Amino acid sequence: MGFARTCSVALLGVEGVVVEVQADLEPGVAAFTLVGLPDKSLSESRDRVRAAIVNSGAEWPQKKLTVGLSPASVPKGGSGFDLAVAAAVLGAAERIDPRAIADLVLIGELGLDGRVRPVRGILPAVLAAADAGYRQVVVPEQTAGEAALVPGVSVLGVRSLRQLIAVLTDEPVPEEEPTEEGRPDAMLAGLLVPGAGIGTGLAPDSTDPAGGPDLADVAGQHRARRALEVAAAGSHHLLLSGPPGAGKTMLAERLPGILPPLTRQESLEVTAVHSVAGILPPGEPLVRRAPYCAPHHSATMQSLVGGGNGLPRPGAVSLAHRGILFLDEAPEFSGKALDALRQPLESGHVVIARAAGVVRLPARFLLALAANPCPCGRHTLHGAGCECPAALVRRYQARLSGPLLDRVDLRVEVEPVTRADLLGQGGRGETSAVVAARVREARARAAARLADTPWGVNSEIPGHELRTRYLAAPGALAAAERDIERGLLTARGVDRVLRVAWTVADLAGHDRPDSQDIALALELRTGVTRGVPVGAGERA
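In this report, the structure presented in the accompanying data block is examined.

Conventions we followed
Residues numbered from 1 in each chain as written. Predicted model: local features only at pLDDT ≥ 70, side-chain atom pairs only at ≥ 80, totals over all residues. Heavy atoms only, no water. Axes fitted to C-alpha atoms, helices over the stretch in contact; angles between N-to-C directions. Helix = DSSP H or I, 4+ residues; strand = E, 2+ residues; numbered from the N terminus. Parallel < 35°, antiparallel > 145°, perpendicular 65-115°, else oblique. Left-handed = near helix turned anticlockwise from the far one by under 90°. Contact = heavy atoms within 4.5 Å. Salt bridge = Lys/Arg side-chain N within 4 Å of Asp/Glu carboxyl O. Pairing = 2+ DSSP bridges. Buried < 20%, exposed > 50% of the residue type's maximum accessible area, 1.4 Å probe, protein only. Arc of directions from axis to C-beta. Nonpolar A, V, L, I, M, F, W, Y, C, P; charged D, E, K, R; others polar. Expected span 1.5 Å × (residues − 1). Core = buried A, V, L, I, M, F, W, Y, C linked by side-chain atoms within 4.5 Å.

**A closer look at the packing of helix α22 (residues 491-508) against helix α23 (residues 515-526)**
The contact between α22 and α23 brings their axes to 8 Å, and the two run at 125°. By the angle between their axes, α22 is oblique relative to α23. The two elements α22 and α23 meet at a crossing, and its hand is right-handed. Here Gly493, Arg496, Val497, Leu498, Val500, Ala501, Val504 and Ala505 of α22 come into contact with α23, specifically with Asp517, Ile518, Leu520, Ala521, Leu522, Leu524 and Arg525.

**Describing the pattern of salt bridges**
Within this structure, the stated rule accounts for 28 salt bridges. Asp97 is the partner of Arg99 in a salt bridge, and the nearest nitrogen-oxygen pair spans 3.2 Å. In this structure, Glu229 engages Arg226 in a salt bridge whose closest nitrogen and oxygen atoms are separated by 3.7 Å. Placement of the pair is Glu229 and Arg226 together in helix α9 (residues 222-234), with a separation of 3 residues, close to one helical turn.

**Topic: the sheet that holds strand β10 (residues 238-241)**
The 5 strands lie next to each other as β11-β12-β15-β10-β16, forming an open sheet whose pairing is parallel. Two strands lie at the open edges of the sheet, namely β11 (292-293) and β16 (410-413), each paired on one side alone. The sheet contact formed by strand β12 (residues 324-327) and strand β15 (residues 366-371) spans 4 bridges and is parallel. Residue pairing in the sheet places Phe326 in a bridge with Ala368 of β15. The strands that α9 touches are β10, β15 and β16; relative to β16, the one it contacts most, it runs at about 165°.

**Details of helix α21 (residues 478-486)**
Along α21, the positions that sit buried rather than exposed are Ala479, Ala480 and Asp483. Summarising the axial view, the buried residues of α21 lie within an arc of 100°, below the 170-degree limit, and thus occupy one face. Contacts made by the buried residues of α21 are with α23. Gly487 sits one or two positions beyond α21 and adopts a positive phi of about 85°.

**Brief notes about the packing of helix α3 (residues 82-92) against helix α7 (residues 161-168)**
It is at 12 Å that the axes of α3 and α7 come closest, and there the two elements cross at 45°. Classified by the angle between their axes, α3 and α7 sit oblique to one another. With respect to the hand of their crossing, α3 and α7 are arranged in right-handed fashion. Across the interface between the two elements, Leu83, Ala86 and Leu90 of α3 pack against Leu161, Leu164 and Ile165 of α7. Partitioning the contact of α3 with α7 into residue classes produces 6 nonpolar, no polar and no charged.

**Considerations on α22**
In a regular helix each residue adds 1.5 Å, so 18 residues correspond to 26 Å; α22 covers 26 Å between its end C-alpha atoms and thus fits that length. Taken across its 18 residues, α22 has 15 buried, putting it largely inside the fold. Just downstream of α22, Gly509 is the residue with a positive phi angle, here 80°.

**Section: the nonpolar core**
Core analysis: the biggest nonpolar cluster contains 60 residues, and Leu238, Ile258 and Leu524 have the highest contact counts within it. It is α22 that provides the largest number of residues to this core, a total of 8 residues. What Leu238 contacts, discounting residues up to four positions off in sequence, is Ala227, Leu228, Ala231, Leu367, Ala368, Leu369, Val408, Leu410 and Val412. Membership of the second largest hydrophobic core comes to 39 residues, among which are Leu25, Val67, Val85 and Leu106.

**Some details on unusual backbone geometry**
Of note, the bond from Ser70 into Pro71 is cis; its omega dihedral lies within 30 degrees of zero at 5°. Relative to the assigned elements, Pro71 resides in the loop between β4 (64-70) and α3. The phi angle at Ser235 is positive, at roughly 60°, despite the residue not being glycine. Look at Glu329: it is not a glycine, yet its phi comes out positive at around 55°. Position of Glu329 among the secondary structure elements: in the loop between β12 and α14 (335-339). For Glu329, a relative accessible area of 28% corresponds to the partly exposed category.

**A closer look at the pairing of strand β2 (residues 15-26)**
Two strands pair when backbone bridges link them, and strand β1 (residues 2-12) and β2 are joined in this way by 11 bridges, in the antiparallel orientation. Residue Thr6 lies in a different strand from β2, and its bridge partner there is Val21. If you look at the hairpin formed by β1 and β2, you'll find 2 residues sitting between the two strands, and Gly13 has a positive phi there, around 70°. In the sheet, β2 pairs with β4 via 7 bridges, with the strands oriented antiparallel. Bridge pairing in β4 links Val21 to Leu69.

**Description of the environment of Ala87**
Checked against the element boundaries, Ala87 lands in helix α3. Take Ala87: its relative accessible area is 1%, and that puts it in the buried class. Along the backbone, Ala87 and His349 are 262 residues apart, and their C-alpha atoms lie at a distance of 37 Å. Ignoring anything within four residues of it in the chain, the contact list for Ala87 reads Ile96, Ile101 and Leu106.

Now the structure itself:
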C-alpha cells in the first residue's frame, strides 16, 4: 500500500484555503476515485492527470487509487489542483519521494501532454500558503513572476510535469521547446477571461499614465477641476451633474491621471483581485496604477457588486478596489444596482452570500457619478427648450436615492463651456502632472498626520475622531452649524464636510481647517455658493 500527500490552495473569492491533497494506493481493481467536494472541472482532472503522467514517461499505477482533498467541507473548483494531484499520485506510486512533496504547495493545470498551464488567482493562492506557514511553492512558469511578489516564499516555475519530476528526483532537468517568436502562446489562455476587460470598462492599458488623457485638454470648468483635485487628494466620492456635452465624462476619464501610484500593499491587493477575475495582463504581474472601471448603465446588480454561478466572482466594485468606479449616466442604472453600492461605500468591502458559501471581497474605491438634470438634459439651460414635465424631472432625479447621495462628498454642477474657454481665450488649464504633484503633497500631509492610525486618507477617518481628535480652527464650523439647523446637512453630511475640509486644508498647506476651508467644503457638498475662491490661480 502506498500513501503520499502534498498541498494546493482553494480560492473563495480573493481569499485562499490551503487544501491537503492525499493519494492512497491499495490492491484491487484499477480505478481512480476523487473525493473532497470537487466541482465538474476538478472531477475531470482524473483524465487529465492520467494522460499527463503517462505522456511524461512515468508509469500509471494499476491499483485502486483514491485521491482525497481535505478539508472535505470546503468547496473546490477549477483546474489548479491538477499538478498537486499528479504529484501525490507519483508519490504514492514511489516514483518520487513522498517526503519531498509533503511541504510543497503546487498550483497549476496539466495538459494531456504533461505541460503545466497557468491558472488565475496565483497571487492570492500563494499569499494564503505563506500565511499558513508554507515556504515553497511550485507554479506554472508563466506565473512565477506573480508568485514571486509574495515575500519569504521560494518559488519554482515549471513548464512541464517532466521538469517537476526531474527536480524532485535530482535527475537532469529536460529542456522544453519554447514558443516560437511571434507565435501566440496558447498557454496564456487560462489567465484571461474573454471579454472581461471590455465588459467591465477596464482595459489592460487603461491605467497607463503614458499618453493618457490630460487634464489640460479640458476647456474651462475651473470649479469641476478643483473638485477633481479634492476628490483625488482625499479619495472623496464625486457627483458631476450638468447638461450633455459639458464635459462630465471627459473630466472623470482624467481622474486616474492625477491619482498617486499605489503603495506596495495596495498593489498586492489590486493584483490579487485582478488575478482572480482574469483581467491581469500576462507579463505584468503587479498593478502599480489605480484601476479605472466604467461599466455600462445596463449593468446588473450582480455585475456591479459580484456574483455568478456557484461561488461569487468579483464585480465592478472589487475590480475598482483602490481605484475609481465611474458610473456614467448614473440615473439610467437600475435602482437595485445603485442602492447595492451603499454598503461598500461605507465599509470598504462587500459580503456576498450564496448557497455555495459567503465571500468577502475588497471594495474600497472612489465613486464618480455623472448625471444629466433631466431625460433630455436641457433642464438647467435657459432658453434651451426643455419639454420634460416637472413630475418627470423629479422622478428622473429621484433615481439617485437620498441615502446614496448622502454618501457622496462632492456635488458639482458642470456648466456648459463658454465660447472663450472653448477657443482657448481663457488660457490653457493646468496639466495632470501639475495637479498630481499637489495631490501627492496633500496625501503626504494626511499620511503624516494619520501615521499612527489605521486610516490612510481623510475620507476614511470616522466621524467621532473628526469631532474629538482632529478639530477644526475655533469658530470655523459656524456655517456648518447653520446648515444643520436649516436641515441642509445630516449628521453623516457634517462628518463628510469635515473630511473634505481636511483635504482642502492639506491642499492649501494649512495645519487644520479654517473657516474658508469649511466654506469651500460646504459649497462642494451642498452646491450653494459661499463666495470662496475656486483655487489658487483660478477664477471663481
